[in-house]
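Read off the chains here:
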Amino acid sequence: MKRLIIVLLGLILIAASANAGVVGSKHDLSTSGAIADKSTDQDRVCVFCHTPHNANPAVPLWNHEMSGATFTPYTGLDLDHTPWTSAAGPNELSKLCLSCHDGTVAVNSLINNANPTMGSGNELDASGKLVSSANLGSDLSNDHPISFDYTVADAGDVELVDIATVKSSSNLHFYGSGETDMECSTCHDVHEFGATADMQPFLSESKSGSNLCLKCHVK
Ligand code: HEC
Ligand code: HEC
Ligand code: HEC
Ligand code: HEC
């Protein structure tokens, strides 16, 4: 009986760590967070990205200042979709990520709640902006394409898995009114850093053996 309880407790612990969530992850910028330059005076985790009222943009109740940068798209070798123009920029959902990850807006630049005090000199510079490789910049021409309709790229392309199969055989999500747009959050799960190295950083599918890439690309 004792052994059974120990085994059950072990299983519960494994289940808990497999779904650790945003608290204590690199996306927890509060005092309980994982980064060295985490806040010294704000213990609320969600507040860096969400607010219950007066959000902007409204969906998903956003609380972080958006970036005013002009973005450059990946233009590709042999793309079947037409990339967005710099004038239009990426879709709003990906711009949520870029509000921190283009490196032009401080991570503690919030709409509601006084801007928390952050550390600096590690992940952040003195003004609270991301430094290091997590700062993708606003030139996305050297990053995997985002903010386009997957079905347009896939139409007639035998080297891409059809979207119905991708959806039914993976944890990858598509967005927009038809749920066909590919965004940062197609590959990334912003709330879950990943319990094992192959699921990190914040991946929705394991990158082991390039499983993630092979969910869409027939190569
Ligand atoms: C680093 C930024 C960030 C933090 C911190 C964060 N979120 Fe989010 N959240 C997002 C983004 C971006 C989306 C948009 C959808 C997506 O990308 O999955 C989202 C979407 C959501 C959604 C709607 C979609 C879904 O996944 O159900 C809920 C609910 C949510 N967040 C709750 C929370 C709560 C509760 C917390 C705190 C415990 C939190 N989030 C912390 C960035 C964040
Ligand atoms: C959710 C599906 C999906 C995933 C996952 C994915 N890709 Fe893509 N990838 C695409 C689509 C769609 C395009 C655009 C194809 C087009 O328009 O012709 C693309 C474009 C590319 C291109 C540019 C092709 C060109 O003509 O310039 C490369 C290279 C690439 N992906 C590699 C990868 C790698 C490596 C991975 C894994 C780290 C990956 N992709 C993961 C769907 C995906
Ligand atoms: C409120 C600011 C903020 C927003 C919004 C945000 N992030 Fe982050 N993100 C961070 C910080 C801070 C780190 C930790 C950086 C570091 O470790 O150097 C991070 C780390 C990451 C990492 C891991 C980088 C690494 O080196 O391990 C990934 C991947 C990532 N974010 C993706 C996303 C995606 C995708 C979105 C949108 C769905 C998003 N982030 C939205 C602040 C943000
Ligand atoms: C096609 C899938 C895919 C898309 C789309 C995608 N990423 Fe990633 N991203 C990855 C993978 C896989 C890694 C891990 C790379 C590695 O481990 O070598 C990664 C790593 C990162 C990192 C860490 C980089 C580093 O070197 O520290 C950040 C930050 C990040 N992504 C943010 C974003 C943001 C923001 C977007 C949208 C603008 C985005 N990603 C779109 C697959 C993707």
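That block above? That's the structure.
Remember, it's a predicted structure, so these values are computed and weren't measured experimentally.

Engineer: Would you explain the packing of aromatic side chains in this entry?
Structural biologist: Given two aromatic rings, their pairing is described by the distance between the two centres and the angle made by the two planes. For the coordinates displayed, the defined rule picks out two aromatic pairs. A ring pair is formed by Phe-193 and Phe-202, whose centres lie 5.0 Å apart and whose planes are at 80°; its orientation type is edge-to-face.

Engineer: Explanation requested: the site of ligand 4 in the structure shown.
Structural biologist: Not every one of the 16 residues close to ligand 4 is listed here, only the nearest: Ser-133, Cys-184, Cys-187, His-188 and Lys-207. Taking Ser-133, its side chain carries an N or O atom lying 2.8 Å from an oxygen atom of ligand 4. The side chain of Lys-207 places a nitrogen or oxygen atom 2.8 Å from an oxygen atom of ligand 4. Contributing elements (two or more residues each) for the shell around ligand 4: α2 (92–101) and α5 (184–187). A class-by-class count of the residues in the shell around ligand 4 yields ten nonpolar, four polar and two charged.

Engineer: Help me understand the coordination of the iron atom of ligand 1, please; the structure alone is not making it clear to me.
Structural biologist: When four donors bind a metal tetrahedrally, each ideal donor-metal-donor angle is 109.5 degrees, and when six bind octahedrally, the ideal angles are 90 or 180 degrees. Of the protein atoms, only His-50 (NE2) and His-191 (NE2) coordinate the iron atom of ligand 1, at distances of 2.0 to 2.1 Å. Coordination at the iron atom of ligand 1 comes from six donor atoms whose angles at the metal span 87 to 180°, giving a geometry best classed as octahedral. With His-50 in the loop between α1 (2–18) and α2 and His-191 in the loop between α5 and α6 (211–214), this residue pair connects regions lying 141 residues apart in the sequence. Relative accessible area serves as the criterion here: at 27%, His-50 is assigned to the partly exposed category. A relative accessible area of 43% means that His-191 is categorised as partly exposed.

Engineer: So what exactly am I meant to see when it comes to the site of ligand 3 here?
Structural biologist: With respect to spatial proximity, 22 residues lie near ligand 3, and among them Lys-26, His-27, Cys-97, Cys-100 and His-101 are the closest. At 2.8 Å, a side-chain N or O of Lys-26 approaches an oxygen atom of ligand 3. Separating a nitrogen atom of ligand 3 from a side-chain N or O atom of His-101 is a distance of 2.8 Å. At four residues, α2 tops the list of elements feeding residues into the shell around ligand 3. Grouping the amino acids of the shell around ligand 3 by side-chain chemistry returns 14 nonpolar, six polar and two charged.

Engineer: Before we go on, may I ask you to explain the nonpolar core in this structure?
Structural biologist: Soluble globular proteins tend to pack their nonpolar side chains together in the buried interior. Counting residues in hydrophobic clusters, the biggest one holds 13 residues, and the most contacted among them are Tyr-150, Val-166, Leu-172, Phe-174 and Cys-216. Of all the secondary-structure elements, those providing two or more residues to this core are α3 (150–154) and α4 (163–168). Sequence-distant contacts of Cys-216, defined by excluding residues within four places in its chain, comprise Tyr-150, Glu-159, Leu-160, Val-161, Val-166 and Leu-172. One finds Leu-29, Val-47, Val-107 and Met-118 within the second-largest nonpolar core, a separate group that totals ten residues.

Engineer: Looking at this structure, I do not really get the environment of Thr-196. What am I missing?
Structural biologist: Mapped onto the elements of the fold, Thr-196 is located in the loop between α5 and α6. Taking the C-alpha atoms as reference points, Thr-196 and Ser-206, separated by ten residues in sequence, lie 9.0 Å from one another. Side-chain polar atoms of Thr-196 contact the side chain of Asp-198, separated by 2.7 Å.

Engineer: Got a minute to help me understand unusual backbone geometry in this structure?
Structural biologist: For residues other than glycine, phi is negative in most cases, and the peptide bonds are mostly trans. Put simply, Asn-56 and Pro-57 share a cis peptide bond, and its omega is -5°. Within the element layout of this structure, Pro-57 appears in the loop between α1 and α2. Cis geometry marks the peptide bond from Gln-200 to Pro-201, where omega comes out at 5°. Along the polypeptide, Pro-201 turns up in the loop between α5 and α6. Backbone geometry at Leu-61 places phi at a positive 50°, although glycine is not the residue there. The residue Leu-61 is located in the loop between α1 and α2 in this model. Of the residues examined, Leu-61 reaches a relative accessible area of 45% and is grouped as partly exposed. Located in the positive-phi region is Ser-132, a residue other than glycine, with phi close to 70°. Within the secondary structure, Ser-132 is located in the loop between α2 and β1 (148–149). Given a relative accessible area of 54%, Ser-132 falls into the exposed group.

Rules behind the numbers
- Residues numbered from 1 in each chain as written.
- Chains lettered and ligands numbered in written order.
- Predicted model: local features only at pLDDT ≥ 70, side-chain atom pairs only at ≥ 80, totals over all residues.
- Heavy atoms only, no water.
- Phe/Tyr/Trp six-rings, centres within 6.5 Å; stacked < 30°, edge-to-face > 60°.
- Near = heavy atom within 4 Å.
- Polar contact = N/O pair within 3.5 Å; in protein donor to acceptor, adjacent residues only side chain to side chain.
- Helix = DSSP H or I, 4+ residues; strand = E, 2+ residues; numbered from the N terminus.
- Nonpolar A, V, L, I, M, F, W, Y, C, P; charged D, E, K, R; others polar.
- Donors = N, O, S within 2.8 Å, 3.2 Å for Na, K, Ca; no water.
- Tetrahedral: all angles 85-135°; square planar, octahedral: opposite > 155°, others 65-115°.
- Buried < 20%, exposed > 50% of the residue type's maximum accessible area, 1.4 Å probe, protein only.
- Core = buried A, V, L, I, M, F, W, Y, C linked by side-chain atoms within 4.5 Å.
- Contact = heavy atoms within 4.5 Å.

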